[in-house]
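What follows is the residue order along each chain.
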Amino acid sequence: MLKVVKCLLKKASSMGDDIKFRQQLLVIDENLGTEEVEALKFLCSDLLSFKNLEAVESAQDIFQLLMAKDLLNKEDTFILAELLYRIRCHFLLQKLGYTKETVQENLPWKGKVSRYRQMLYELSEDITSEDLKRAMFLLRDQLPKKLTNMSSLELLTFLEKQDHLAQNNLQILEKICMDISPDLLKTVNKYKMERAQQESSLPVKETASFSHHISEGLFHSGGGVRLLTSSQETPIKSLGSNIYDSGSLREHAGSVHFIAARQDDKAVNVMQGISELSQEQPARISNPESKTEKLKTYKMDGPHRGYCLIINNFSFTGTLQKRRGSNKDAEMLAQVFTWLGLDVKTYTDKTSVEIKNLMQEWRSSKDHRDRDCFVCCILSHGESGLVYGIDEQEVTIRTIMSYFTARQCPQLAEKPKLFFIQACQGKEIQQAVYIEADAQNPDLLPIQQLVLPSESIPEEADFLLGMATVGGYASFRHVQHGTWYIQALCNKLQLLVPRGEDILSILTEVNEDVSKRADNLGKKKQMPQPAYTLRKKLIFPVPRSPPPSQQQ
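Note on numbering: residues in each chain are counted from 1, in written sequence order. Note on the predicted model: pLDDT of at least 70 is required for a residue's local features to be given, and 80 or more for side-chain atom pairs to be given and counted; whole-chain, interface and lining totals, by contrast, use all residues. Each side-chain value is worked out from all heavy atoms of the structure, with water and hydrogens disregarded.

Attention now moves to the packing of helix α7 (residues 115-126) against helix α11 (residues 185-199). Under this scheme, a helix contributes an axis fitted over its contacting stretch, all axes are lines through C-alpha atoms, and angles between N-to-C directions fall in the 0 to 180 degree range. Per the convention used, a helix needs a DSSP run of H or I reaching at least four residues, while a strand needs a run of E reaching at least two, with both numbered from the N terminus. Between α7 and α11, the least distance of the axes is 9 Å, while the angle of their chain directions is 170°. Between α7 and α11, the angle is such that the two are roughly antiparallel. Contacts between α7 and α11 involve R115, Y116, M119, E122, L123 and D126 on the former and, on the latter, T187, V188, K190, Y191 and E194. When grouped by side-chain class, the residues that make up the contact of α7 with α11 number five nonpolar, one polar and five charged. Put simply, angles under 35 degrees are roughly parallel, angles over 145 are roughly antiparallel, angles from 65 to 115 are roughly perpendicular, and the rest are oblique. Note on contacts: a residue pair qualifies if any of its non-hydrogen atoms lie within 4.5 Å across the two residues. Just so you know the grouping, Ala, Val, Leu, Ile, Met, Phe, Trp, Tyr, Cys and Pro go in nonpolar, Asp, Glu, Lys and Arg go in charged, and all remaining residues, Gly too, go in polar.

Below, the structure written as C-alpha cells:
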C-alpha cells in the first residue's frame with residue numbers, strides 16, 4: 001500500500017512539474033510578437049524541417065515541434081534559452097531560470113544553433129528596408145511573381161529552399177551583398193574566416209560580442225568616456241578592469257557621455273572634446289559581472305507615462321525650403337510614443353519666439369507631477385547647436401533644454417527628460433531629387449564654430465539628447481518617407497522596447513541603422529550622436545498592444 005501511495009505522489013509531482021513547464025512556455029509565447037516568432041522559425045531551420053516550420057503560426061507551435069524531437073523538455077530548456085538570447089529577448093530568460101550571462105557561459109558546449117544560421121540571422125538584422133528592396137529587384141526573375149513583399153528572413157529562407165544558399169554555397173549571397181551594401185560582406189567574411197579556422201582544426205570559441213553587452217550598462221575608461229561602437233566585435237573579457245560600476249556613473253551625473261554606432265566616415269569628430277568630460281572624481285573599478293546588477297532603472301510604473309511634445313516646422317517664411325517628408329516623421333513619432341503610453345501634443349510651424357513660449361508653458365505645467373518622464377521632439381532646419389523657427393531665427397538647443405532643469409521645472413526633478421532633434425548641424429549637400437538636407441548654409445562650419453552636444457545639454461542629471469547628426473554635418477530627409485534618423489528611431493523603438501532593451505541600447509541600434517544608409521549613389525552618409533547625463537537605465541514598459549507597424 002505504501003508503495004502505491006509513493007507511486008501516486010510521484011506521478012502527481014511529475015504532473016505538477018509538467019503543468020509548470022507548460023505555463024512557462026505559455027508566458028513566453030504571450031510575450032513574443034510576429035517578428036520574434038519569425039526569427040525563432042529561422043533559427044530553428046537546421047533543427048526542424050522546412051515543411052514543419054511552414055505550418056508554424058505561433059511560438060507555441062515551435063515549442064511543440066522542439067519537444068517532439070526531444071530538444072526541449074522540462075529538464076532541459078537550454079535550447080529555448082539560446083533562441084531567446086539570439087533574438088535578444090533577454091527579459092524572458094528569467095522565466096526559464098537563466099540570465100544572459102549564464103546562457104553565454106554555456107553556449108560553447110550546449111548551443112544548438114549553427115554558426116552559419118547565426119551569421120544569416122545577424123545579416124538579416126543589418127539589412128535595411130532599402131537594401132531589401134534592392135535585393136528583391138535583383139532577384140525578381142527568381143522570385144514568385146505574386147510575391148511583392150517579404151522580410152529579409154523570408155528572402156534568405158527562399159534562397160535556401162531554391163538551393164541558392166547553403167553553408168558551402170555563399171556565392172549568390174555575397175554577390176547580392178556586394179550589390180546592395182558592401183558593408184554586409186563583413187558579416188559573411190567573418191563567418192567564412194571562422195569556418196576556415198574550424199576546418200583547419202583551430203578551435204573557435206564563441207564569445208559574446210561587444211554589441212550584445214551594450215544594454216548591460218555604461219562602459220567607462222580612464223578619466224573620460226569610452227565610446228561604445230556597436231560594430232566592434234570585442235570580447236567582453238578584454239574589457240577587464242576598464243569597466244566601471246554604476247556608482248561612478250552617479251558620481252558623474254553632471255558629465256555628458258556619448259555613444260556612437262561606428263567611427264564611420266565623418267563621425268570621427270564625435271571624439272573631439274570628450275577627454276575633457278567626467279573629470280570631477282576618479283571612478284571606482286569593480287568586477288564586470290556585478291556592474292549590471294548595481295545599475296538601477298528609472299521608475300516607469302506611475303499612473304501616467306508622461307508628455308511627448310512634437311514641434312514640426314515644415315514651411316518657413318524666408319529662404320529656407322519646405323521640409324517635405326517631415327509630416328511623415330511627425331506622424332510616426334506620434335504613433336510610436338502614443339503606443340509607449342505618452343500623451344502626445346503636436347505643434348506645427350512655430351517661430352523662434354513661439355518655440356520658447358511653448359517651452360515656458362510646459363515648464364510651468366503642474367501635470368508633470370504624476371508622470372514618469374518627459375519627451376520633446378523638434379523637427380526643423382538647423383545649424384550647429386541650434387534649430388530654426390519658421391521665421392528663420394535661431395533657438396539654441398541648450399536654451400530649449402534648460403527650461404526643464406530641476407530648478408526650472410521641479411515637477412520633473414530626478415525624472416528622465418529626452419530630447420530628439422532632427423535638424424542639420426552643418427552644411428547642406430546638394431542631393432538627387434529624393435534627398436534633401438536640413439541645413440541653411442551651403443558651406444561646412446569651421447571647427448571652432450561647432451557646438452558639441454556636451455555644450456547643449458544642461459549640466460545636471462537625467463537628460464538625454466538624441467541628435468540626428470554629429471556637429472558640422474547635414475542630416476538627410478526623404479521627401480516621401482521622412483528622415484533617416486526619425487524613421488530609424490521609430491523602427492527601433494517598436495522592435496526593441498518589446499524585448500526589454502534600455503534607451504541607450506536602442507539608440508546604439510539607431511546609430512548602426514543610420515550609419516549604413518546612403519543615397520542612391522552610395523556617397524552621402526550620416527552618423528547620429530546621442531549624449532546623456534542619465535543616472536540609471538531607462539526602460540519603457542512593454543505595451544500590451546502590438547506596435548503601430550503591425551497595426552496597419
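Attention shifts here to the confidence of the model for the protein chain. On average, residues of the protein chain score 75 in pLDDT, and 69% of them reach the 70 mark or higher. Mean pLDDT in the protein chain bottoms out at helix α12 (residues 246-251), which sits at 30, and peaks at strand β3 (residues 343-348), which reaches 96. Contacts from residues 202-293, a stretch scored under 50 in pLDDT, to residues over four places away or in other chains number 210 contacts. As a per-residue quantity, pLDDT reports the predictor's confidence and falls between 0 and 100.

The subject of this paragraph is the sheet that holds strand β7 (residues 394-396). At least two bridges found by DSSP between two strands are what make those strands a pair. Pairing within the open sheet is antiparallel, and its three strands lie in the order β5-β6-β7. Here the strands that pair on one side only, and so sit at the sheet edges, are β5 (382-383) and β7. Sheet analysis places strand β6 (residues 386-388) next to β7, joined by three bridges and oriented antiparallel. Bridge pairing in β7 links V387 to V395.

For the rest of this paragraph, the subject is the packing of aromatic side chains. When we look at a pair of aromatic rings, we describe it by the centre distance and by the angle of the planes. Whether two aromatic rings pair depends on their centres lying within 6.5 Å, for rings of Phe, Tyr and Trp, where Trp uses its six-membered ring; planes under 30 degrees apart make the pair stacked, over 60 edge-to-face, and the rest tilted. Scanning all chains against the criterion turns up eight aromatic pairs. Centroid distance F337 to F420: 6.3 Å. Interplanar angle 35°. Geometry classified as tilted. Taken together, the positions of F337 in helix α14 (residues 326-339) and F420 in strand β8 (residues 417-422) put the pair 83 residues apart, joining distant regions of the chain. The pair F337 / F420 is uniform in exposure class, with both members buried. Seen from their ring centres, F374 and F404 are 4.5 Å apart, and the 25° between their planes marks the pair as stacked. Placement of F374 in strand β4 (residues 371-379) and of F404 in the loop between α16 (397-402) and β8 is noted, with a sequence separation of 30 residues between them. It is R117 that lies over the ring of F42; its NZ or CZ is 4.8 Å from the centre. For R371, the ring lying beneath its charged end belongs to Y307, and the centroid distance is 4.1 Å. Buried means the residue's accessible area, taken with a 1.4 Å probe over protein chains only, is under 20% of the maximum for its type, while exposed means over 50%, and partly exposed covers the values in between. Two thresholds decide whether a charge sits over a ring: the Lys NZ or Arg CZ must be within 6 Å of the ring centre and within 35 degrees of the ring normal.

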